[in-house]
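# Summary of the model geometry
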Amino acid sequence: TGNPGPDRIALVLEQPIQGLAMKVYSTLILLLASLGLVACDSENDPTSPARPDPVSFADVQVLHGSADAPAVDVLVDGAVAVSALDYKASSGWIELPEGTYSIEVQGILPDGNATVIGPVDLQFDGVTRYTVAAVNDVATIEAVLLEQPRVAVSAGSARLFVLHGSAAAPTVDVYVTAPDADLTAEAPVGTFSFKETIGPAEVPAGDYQIRVTAAGDPAAVVYDSGTITLNDADDFVVAAVPNTSGGTAAINLVALDRNGATELFDVNTPAYLRVGHLSPDTPAVDVYANAAPLLTDVAYPAITDILELPEPGTYAVEVAVAGQYPAGVAIGPADIELDAGTTTDVLAVNLLASIEALVLSDDRRQVATNAKVRIIHASPSAGNVDIYVTAPAADITAETPLLTDVPFKANTGYLSLAAGDYEVNVTPAGDNTTVAIGPVPLTVLDSGVYTAIARDPLPGANEFALELLLDWPEAQP
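These lines cover the structure that appears in this document, whether it is placed above or below. Bear in mind the structure is a predicted one, so any value in this text is a computation, not a measurement.

Of regular secondary structure, the chain possesses one helix and 34 strands. Intrachain contacts of the chain at a sequence separation of at least 6 include 66% that bridge at least 24 residues.

Okay, the packing of aromatic side chains next. Tallied over the entire structure, the rule returns three aromatic pairs. Each ring, one from Tyr101 and one from Phe124, has its centre 6.1 Å from the other, and the planes form 40°; the classification is tilted. Highlighted residues: Tyr101 in strand S6 (residues 99-109) and Phe124 in strand S7 (residues 112-124), separated in sequence by 23 residues. Residues Tyr101 and Phe124 agree in their burial class; the two are buried. Between Tyr288 and Tyr325, the ring centres sit 3.7 Å apart and the planes meet at 10°, which makes this aromatic pair stacked. Of the two residues, Tyr288 sits in strand S20 (residues 285-289) while Tyr325 sits in the loop between strand S23 (313-321) and strand S24 (329-338), which places them 37 residues apart along the sequence. The class of Tyr288 is buried, set by a relative accessible area of 13%. With a relative accessible area of 25%, Tyr325 lands in the partly exposed category.

What follows covers the pairing of strand S14 (residues 206-214). Taken together, the six bridges between strand S11 (residues 172-177) and S14 define a ladder with antiparallel strand orientation. Across the sheet, the residue bridging to Val172 is Ala214, located in S14. Of the strand pairs in this sheet, S14 and strand S15 (residues 221-230) are connected by seven bridges, and their pairing is antiparallel. Within the sheet, the bridge partner assigned to Thr213 lies in S15 and is Val221. The turn linking S14 back onto S15 is made up of six residues, and Gly216 within it adopts a positive phi angle of 80°.

Bringing empty space enclosed by the protein into the picture now. Going through the model one piece at a time under the given rule, you end up with five cavities of 30 Å³ or more. Quantified by volume, the largest cavity comes out at close to 60 Å³. Surrounding the largest cavity, Val275, Gly276, His277, Val285, Val287, Val298, Val317, Val319, Val346, Leu347 and Ala348 form its lining. Residue classes in the lining of the largest cavity are distributed as nine nonpolar, two polar and no charged.

With that settled, the discussion passes to the layout of surface pockets. Think of a ball as big as a water molecule: rolled over the atoms, this probe shows where empty space is left. The calculated volume of the largest pocket comes to roughly 420 Å³. Around the largest pocket, the lining is made up of 23 residues, and of these Lys88, Ser245, Gly341, Asp362 and Asp363 lie nearest the centre. Considered class by class, the residues forming the lining of the largest pocket number six nonpolar, eight polar and nine charged.

Before going further, it helps to spend a moment on the sheet that holds strand S22 (residues 307-309). Taken together, four strands build an open sheet; the order of strands is S22-S19-S25-S26 and the sheet is mixed. Here the strands that pair on one side only, and so sit at the sheet edges, are S22 and strand S26 (356-361). Between one strand axis and the next, the sheet turns by 30° as a mean value, whatever way the strands run. Here six bridges tie strand S19 (residues 271-277) to strand S25 (residues 343-349), and the two strands are oriented parallel to one another. Directly across from Arg274, in S25, lies its bridge partner Asp345.

Reading the values: rules and limits
- Residues numbered from 1 in each chain as written.
- Predicted model: local features only at pLDDT ≥ 70, side-chain atom pairs only at ≥ 80, totals over all residues.
- Heavy atoms only, no water.
- Helix = DSSP H or I, 4+ residues; strand = E, 2+ residues; numbered from the N terminus.
- Contact = heavy atoms within 4.5 Å.
- Phe/Tyr/Trp six-rings, centres within 6.5 Å; stacked < 30°, edge-to-face > 60°.
- Buried < 20%, exposed > 50% of the residue type's maximum accessible area, 1.4 Å probe, protein only.
- Pairing = 2+ DSSP bridges.
- 1 Å grid on protein atoms, 1.4 Å probe; cavity = no way out; pocket = protein on both sides within 12 Å on 5 of 7 lines; lining within 4 Å.
- Points joined across faces, edges and corners; volume = space filled by probe spheres on them.
- Nonpolar A, V, L, I, M, F, W, Y, C, P; charged D, E, K, R; others polar.
- Axes fitted to C-alpha atoms, helices over the stretch in contact; angles between N-to-C directions.

As structure tokens, then:
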């Protein structure tokens, strides 16, 4: 059931402050080095104190399971131990000498870090494995500490310990069955609510299907793993967390093993694709996927909406001059892996004589504490550039560029910006007096996800431009 037993304790530390995730890395190397020096000195100096008893170690693992919280830094005994732990990421199993540690978590915000939990003293013993999961949304975030005995999995078996980590999901039944088993003829392995657990329990190694249903209603499936394989000695803590990857499932599962975390998508999760025509001297194009038309008559500088592909997999993508497929293929076929739960941009860039595909991976997860803004340099004529993001009407000759010497085809990655009004100016690298693009007004909101693409002028024009794409909320899956 979901109630704590003698082999596990659910300890909830509440902290209703923005942004949290936890990942505890130890100062283990320094501690062991220190112990080693003491041992050597003890052996060579008969007047030194007796060698201390051997140190026992606890296994500690941490999961960021708060869907709208920013990445975090974690401090152990006042020192930064790990930085930028993001949603659905986890540490592996970390060995800590048993004892008490001061843990502090700082949310990474645009204007600097802010302590969101602690410092709090946590005690770890050497016979226990601990899993720390940050759950709930950013306004009511809390850390759940799970404990289980530090013992090996039985031969021929796999072990599962399941946490309900989605505040928005109701009480649910969990089924772990043979693939395609009729749930009406099966009994759930347990029923639990938010922050409750099932297990740890062992099952024979083999193929299984994990399904989560509304409590008491096996027909109301809210998550379906499809067929998964549990191998001999697999040892997973599985957390049900809010789904931010698209599709209709309310949750996805994150499986934690000794190496880290793997997301297990619902079997019906689609892939997403966006296509852009950013080759300034190329006529309108058609886009084909696996030799079937996907988009037709796309003109420069059009960028499509985000398209849903119900069948993820490898797609052979081709771009041809409109109406001239296959003889007029300018790009491809290029095999592009479109995985479930991912969004991929395929942009046709460069001049026609050198046209190529620029492939980008998107991260459209919304973060409540800031906006996420990404800038793509897709202007073949502009050369390397500096990018300024300033207050409106700022004199850029007195400002420091946000990014310098950015080359053609560069992707800045997602930058965190506080909500507000900005201006974007793009200049040749090292030249703060010649504005190639801008000033472009930019208003961003907390939870917003934006992409800005620098491009060449329109045919017959002289002005470079910045295409602003709102990835959220209209295009958010």
